Amino acid sequence: MAVDLLLGLQWGDEGKGKIVDVLTKDYDIIARFQGGPNAGHTLIFDGTKHVLHTIPSGIFHKTAMNVVGNGVVIDPVIFKKELENLDKHKIDYTSKLLISRKAHLILPTHRLLDAASETSKGKAKIGSTLKGIGPTYMDKTGRNGMRVGDLELENWKEKYDALTEKHLKMLQFFDVQVEFNLDELEAEFIRGIDKLRNLQFIDSEEYLNQAIKAKKTILAEGAQGSLLDIDFGTYPFVTSSNTTAAGACTGLGVAPNKIGEVYGIFKAYTTRVGSGPFPTELFDKDGETMASVGHEFGATTGRPRRCGWLDLVALKYAVDVNGVTQLMMMKGDVLSGFESLKICTSYVYQGKEITHFPYNIEPENISVKYTEFKGWKADLTGMTNQEQLPKNLLDYIAFIEQETGVPVTIVSVGPDRKQTITRK
Ligand code: GDP
Ligand code: IMO
Ligand code: MG
């Protein structure tokens, strides 16, 4: 059986959590493969909203197993809070949530290094979520990191102390002051580790490959989005992992020839949180309408998200880099009421019109060209099948399908699990 992937095609927050939850009934295993608590995946059902950061979005279903893969970075402090939220809702996760021994741990001092790095950059800061993601992946690739499997060793605390010591020295290299109480941070970290130990630590690549052989169905859940990918995103304003399809292979230990469907999720417009270029960003009433109707505030940091028109140049790039086989369009309901809509169909890059995503999309190099579409007035949020969708919305979708060559198989018309229209 193949492993299907679900990935964000923009700058994150496309609605991955919602759709993983919707699709979980069709899968035996849901597996996160990269990122960490920088992610905020929102699920709404039965009148309750849940936000998950590290735990896979299949956790609310009784049937599915949930795996945190080797490519993920785990902060035990945040993980503990997520588990406590599940406790509140009486979700039995102990038999359903498995953690890779090879996943790296975010230490409190990784968070401090993230803060120091961002502060010292001043205006040039990445706008990171300050969860310690960059420093943890740096320790991973630098071969200094601490992994979940280390917690099973007698001397894990010595490893922790040595790495913490090193980080404290590194902090002194920054020309900024970061306030902290190391004893408190350490006590909180150890409480997090104690909670984490209630879960099964596994060799997740072995578990998943055996599951493939046993013909189990697996859905890999991406975090962030393709334009935040460390290689293919808008570097340096990116995250520190491969958010694109290849990241699922390295982040789970699953071979490329085992990948089946690649579901690419995008919003009907575009948002970005944090710094970095955004060619179709709006600074007018239209952008404000998207932000207020779409409640565009970060699920992890609460920061307002920047909003703009759909960027088809970037979307086609993400479709190619990921090998997307099905598209899923989110938040079309937010665009109801606009007289006309725009989709960016080409860039003018250093004086020449181009339709591919170039090396540098900083505003000084790029201007955008739009194709206009007629808007629709109808409220989509109560619609349940595609026959009800307004013609102008279907034209908007048909244009995207024609330009990308990929069918849009799900149209999401609201945040609730039920507000999801499947298209044949
Ligand atoms: P993720 O990080 O990709 O899982 O996305 P987030 O949860 O960070 O952000 C998506 C936001 O949009 C959340 O607040 C969702 O509840 C909400 N949402 C998801 N799909 C829809 C939709 O079709 N319409 C509307 N109005 N909101 C949606
Ligand atoms: P989900 O999974 C949106 C952004 C940050 C910042 C940059 C680097 O919910 O879609 P980091 O903390 O990773 O070093 O920050 O990436 N970012 C996200 N933006 N959604 C996310 O995750 C994000 N995770 C990181 O805002 O610009
Ligand atoms: Mg999010």
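What you see is a predicted model; the values in this text were computed from it and never measured.

A.B. asks: Would you mind showing me how to read the UniProt feature "binding site: Mg(2+)" (unreviewed entry) in the protein chain here?
C.D. replies: Sites flagged by UniProt as "binding site: Mg(2+)" (unreviewed entry) map to Asp 13 and Gly 40. These residues run over 28 residues, yet every pair of their C-alpha atoms falls within 7.6 Å of each other. Set against the second largest pocket, the annotated residues named above that line it are Asp 13 and Gly 40. Within the element layout of this structure, Asp 13 appears in the loop between strand E1 (3–8) and helix H1 (16–23). According to the relative accessible area criterion, Asp 13 is partly exposed, its value standing at 22%. The contact partners of Asp 13, leaving out residues within four places of it in the chain, are Gly 40, Lys 267, Val 273 and Arg 305. Note that Gly 40 resides in the loop between strand E2 (29–32) and strand E3 (41–45). Residue classification places Gly 40 among the buried positions, given a relative accessible area of 12%. Apart from residues no more than four positions distant in its own chain, Gly 40 is found in contact with Asp 13, Val 51, Leu 52, His 53, Ala 299 and Thr 300.

A.B. asks: Whenever I open this one, the site of ligand 1 confuses me. Can you help?
C.D. replies: With respect to spatial proximity, 20 residues lie near ligand 1, and among them Gly 15, Lys 16, Thr 42, Asp 333 and Ser 412 are the closest. With respect to ligand 1, the backbone of Gly 15 contributes an N or O atom lying 2.8 Å from an oxygen atom. Take Arg 305: an N or O atom from its side chain is 3.2 Å from an oxygen atom of ligand 1. Burial of ligand 1 by the protein amounts to 93% of the accessible area it has alone, namely 580 Å². With respect to the pocket detection grid, ligand 1 is positioned in the second largest pocket. For the shell around ligand 1, the secondary structure elements donating two or more residues are H1 and E3. Residues of the shell around ligand 1, tallied by class, amount to six nonpolar, seven polar and seven charged.

A.B. asks: How should the packing of helix H3 (residues 108–121) against helix H4 (residues 133–141) be read in this particular structure?
C.D. replies: When two helices pack together, their arrangement is given by the angle between the helix axes and by the axis-to-axis distance. The contact between H3 and H4 brings their axes to 7 Å, and the two run at 115 degrees. For the pair H3 and H4, the sense of crossing is right-handed. Where H3 abuts H4, its residues His 110, Leu 113 and Asp 114 lie against Ile 133, Pro 135, Thr 136 and Asp 139. Across the contact of H3 with H4, the residue classes break down as three nonpolar, two polar and two charged.

A.B. asks: Before we go on, may I ask you to explain the state of the cysteines in this structure?
C.D. replies: Note: disulfide means a covalent bond formed between the sulfur atoms of two cysteine side chains. For the structure shown, the criterion picks out zero disulfides. Note on Cys 344: no disulfide assigned, nearest cysteine sulfur contributed by Cys 307 at a separation of 16 Å.

A.B. asks: Explanation requested: the sheet that holds strand E5 (residues 65–68) in the structure shown.
C.D. replies: Think of a sheet as strands paired side by side through backbone hydrogen bonds, with each pair either parallel or antiparallel. The strand order E9-E7-E5-E2-E10-E1-E11-E15-E19-E20 describes an open sheet built from 10 strands, whose pairing is mixed. With one partner strand each, in any of the chains shown, strand E9 (200–202) and strand E20 (420–422) form the two edges of the open sheet. Sheet twist, expressed as the average angle between the axes of neighbouring strands with direction ignored, equals 25 degrees. Pairing geometry for E1 and strand E10 (residues 218–221), over four bridges, is parallel.

A.B. asks: Can you help me understand the coordination of the magnesium ion (ligand 3) in this one?
C.D. replies: Taken together, Asp 13 (OD) and Gly 40 (O) make up the full set of protein donors to the magnesium ion (ligand 3), lying 2.1 to 2.2 Å away. With Asp 13 in the loop between E1 and H1 and Gly 40 in the loop between E2 and E3, this pair connects stretches of sequence that are 27 residues apart.

A.B. asks: Mind showing me how you'd approach the packing of helix H10 (residues 312–322) against helix H11 (residues 391–404) here?
C.D. replies: At a closest axis distance of 10 Å, the pairing of H10 and H11 adopts a crossing angle of 50 degrees. What the angle tells us is that H10 and H11 run oblique. Here H10 runs over H11; the crossing is right-handed. Across the interface between the two elements, Leu 312, Leu 315, Lys 316 and Val 319 from H10 touch Phe 399, Ile 400, Glu 403 and Thr 404 from H11.

A.B. asks: I would appreciate a short explanation of the layout of surface pockets in the present structure.
C.D. replies: If a probe as big as a water molecule is rolled over the atoms, it shows which places are left empty. Roughly 600 Å³ of internal volume is contained in the second largest pocket. Thr 42, Gly 294, Arg 305, Lys 331 and Pro 415 are the residues nearest the centre of the second largest pocket, which is lined by 28 residues in total. Class assignment for the residues of the lining of the second largest pocket results in eight nonpolar, 11 polar and nine charged.

A.B. asks: When you look at empty space enclosed by the protein in this model, what are you seeing that I'm missing?
C.D. replies: As enumerated under the stated definition, the model contains one cavity of 30 Å³ or more in all. A volume near 40 Å³ is recorded for the largest cavity. Contributions of two or more residues to the lining of the largest cavity are made by strand E14 (310–311) and H10. Looking at side-chain class alone, the lining of the largest cavity contains five nonpolar, two polar and one charged residues.

About the cut-offs
- Residues numbered from 1 in each chain as written.
- Chains lettered and ligands numbered in written order.
- Predicted model: local features only at pLDDT ≥ 70, side-chain atom pairs only at ≥ 80, totals over all residues.
- Heavy atoms only, no water.
- UniProt positions renumbered as here; feature names shortened; annotations may be inferred.
- 1 Å grid on protein atoms, 1.4 Å probe; cavity = no way out; pocket = protein on both sides within 12 Å on 5 of 7 lines; lining within 4 Å.
- Helix = DSSP H or I, 4+ residues; strand = E, 2+ residues; numbered from the N terminus.
- Buried < 20%, exposed > 50% of the residue type's maximum accessible area, 1.4 Å probe, protein only.
- Contact = heavy atoms within 4.5 Å.
- Near = heavy atom within 4 Å.
- Polar contact = N/O pair within 3.5 Å; in protein donor to acceptor, adjacent residues only side chain to side chain.
- Areas by Shrake-Rupley, 256 points an atom, 1.4 Å probe, with all protein chains shown as cover.
- Sits in = over half its atoms within 2 Å of the grid points.
- Nonpolar A, V, L, I, M, F, W, Y, C, P; charged D, E, K, R; others polar.
- Axes fitted to C-alpha atoms, helices over the stretch in contact; angles between N-to-C directions.
- Left-handed = near helix turned anticlockwise from the far one by under 90°.
- Disulfide = S-S within 2.5 Å.
- Pairing = 2+ DSSP bridges.
- Donors = N, O, S within 2.8 Å, 3.2 Å for Na, K, Ca; no water.
- Parallel < 35°, antiparallel > 145°, perpendicular 65-115°, else oblique.
- Points joined across faces, edges and corners; volume = space filled by probe spheres on them.

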